[in-house]
Amino acid sequence: MNSKKIIAGILVMAIGLFLSGCATSPDSAANSASFKSFKDYNYPSNSFNIKEYKAGMTKGGHNLLIWQDPSANLSRYKSVNVTYFDGKLLPEQSQFSYLPFIKRFNLDFTQSLRIPKDDPRGLRIEGAIVECNPGSRAARAWVGMGAGKAAGGVVCEMYEPGASKPVIRIYTRDTASGGAWGGDSTSTLNHILSVLATRLSAKIEETVGK
């Protein structure tokens, strides 16, 4: 009798462990509340927790991470509705203006998209520039070894019309530290943002209508 109780107890424990494993499986995690939008309350203005944001994402290309809702059917969409990527999550600083870089990214991004992009019935694209740092030319020229890097980072989310939760979340980032005598910081950062814009538009084109 005791042996039967022991066996039953072992079975209950095994079932519990199995169910626990299912609860934390990738598919379950993909639909959990741990997947945040860049617009969520825990990202106030002038701050961004990139480590938290990219948790659960997978590699989707060179310097690009992506998460996609496995239950979403995006094949019916052939167009997008693009909103302006702002810099509200960038850290406050008084050394230079973010605005020219933000404008440059938005221009390059919209121009590089080769699918209809002003359709309110299409997937809504929202995003933000979360890193915009020209680095230090002096450090690049005289210190080297990766010092003074310029860096840019962008998050992008795609929503079905009328939806409040994204079906796709993308994060892409690049850095640069080359150029003669450290290069020109403004040109370097503009180049980074242009590359990010092209990379992001290419990834979206791979996804919409597929």
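Keep in mind that what you see is a predicted model, and the values were worked out from it rather than measured.

Calculation criteria
- Residues numbered from 1 in each chain as written.
- Predicted model: local features only at pLDDT ≥ 70, side-chain atom pairs only at ≥ 80, totals over all residues.
- Heavy atoms only, no water.
- Phe/Tyr/Trp six-rings, centres within 6.5 Å; stacked < 30°, edge-to-face > 60°.
- Buried < 20%, exposed > 50% of the residue type's maximum accessible area, 1.4 Å probe, protein only.
- Helix = DSSP H or I, 4+ residues; strand = E, 2+ residues; numbered from the N terminus.
- Polar contact = N/O pair within 3.5 Å; in protein donor to acceptor, adjacent residues only side chain to side chain.
- Salt bridge = Lys/Arg side-chain N within 4 Å of Asp/Glu carboxyl O.
- Expected span 1.5 Å × (residues − 1).
- Core = buried A, V, L, I, M, F, W, Y, C linked by side-chain atoms within 4.5 Å.
- Contact = heavy atoms within 4.5 Å.

Draft legend 1. Just the packing of aromatic side chains, in detail. Applying the stated rule across the entire model yields 6 aromatic pairs. With centroids separated by 5.9 Å and ring planes inclined at 85°, the aromatic side chains of F96 and F101 adopt a geometry described as edge-to-face. Given a relative accessible area of 25%, F96 falls into the partly exposed group. Note on F105 and F109: the rings are 5.8 Å apart at their centroids and 10° apart in plane angle, and the pair reads as stacked. Taken as a pair, F105 and F109 lie in helix α4 (residues 99–112) at a separation of 4 residues, close to a single helical turn.

Draft legend 2. Local environment of the environment of Q93. Of note, Q93 is situated in the loop between β3 (80–82) and α4. Expressed as a C-alpha distance, the spacing of Q93 and N46, which sit 47 residues apart in the sequence, is 9.7 Å. A polar atom in the side chain of Q93 sits 2.8 Å from the backbone nitrogen of Q95. Polar side-chain contacts of Q93 include one of 2.8 Å to the backbone oxygen of F96.

Draft legend 3. Here's a closer look at the pattern of salt bridges. Applying the stated criterion to the full structure yields 9 salt bridges. The closest approach of N and O atoms between E126 and R124, which form a salt bridge, is 2.6 Å. Residue class for E126 comes out buried when judged on its relative accessible area of 14%. By relative accessible area, which is 19% here, R124 ends up buried.

Draft legend 4. Focus on helix α6 (residues 185–207). Over its 23 residues, α6 runs 33 Å from end to end, which matches the ideal 33 Å to within 8%, given 1.5 Å per residue. Directly beyond the C-terminal end of α6, a positive phi value near 80° is found at G209.

Draft legend 5. Region of the structure containing the nonpolar core. Ranked by internal contacts, the top residues of the largest apolar core, which has 35 residues, are V80, F105, F109, I125, L200 and I204. For this core, the secondary-structure elements that each account for two or more residues are β2 (64–68), β3, α4, β4 (123–133), β5 (150–159), β6 (168–176) and α6. The biggest single contributor to this core is α6, with 7 residues. Beyond its immediate stretch of four places on either side in the chain, V80 contacts L113, I115, P116, K117, D118, D119, G122, L123, I125, M158, I204 and V208. Counting residues in each nonpolar core, the second largest holds 12 residues, with F35, F38, F48 and V130 among its members.

Draft legend 6. Spotlight on the side chain of E157. With respect to the element layout, E157 can be found in strand β5. The residues contacting E157, other than those within four sequence positions of it, are K36, S37, F38, Y53, R124, I125, E126, P166, I168 and R169.

Draft legend 7. Structural context of unusual backbone geometry. One non-glycine residue, N46, lies in positive phi territory at about 65°. Checked against the element boundaries, N46 lands in the loop between α2 (26–30) and α3 (50–53). Within the chain, N63 stands out as a residue other than glycine whose phi angle is a positive 50°. The exposure class of N63 is partly exposed, given its relative accessible area of 34%.

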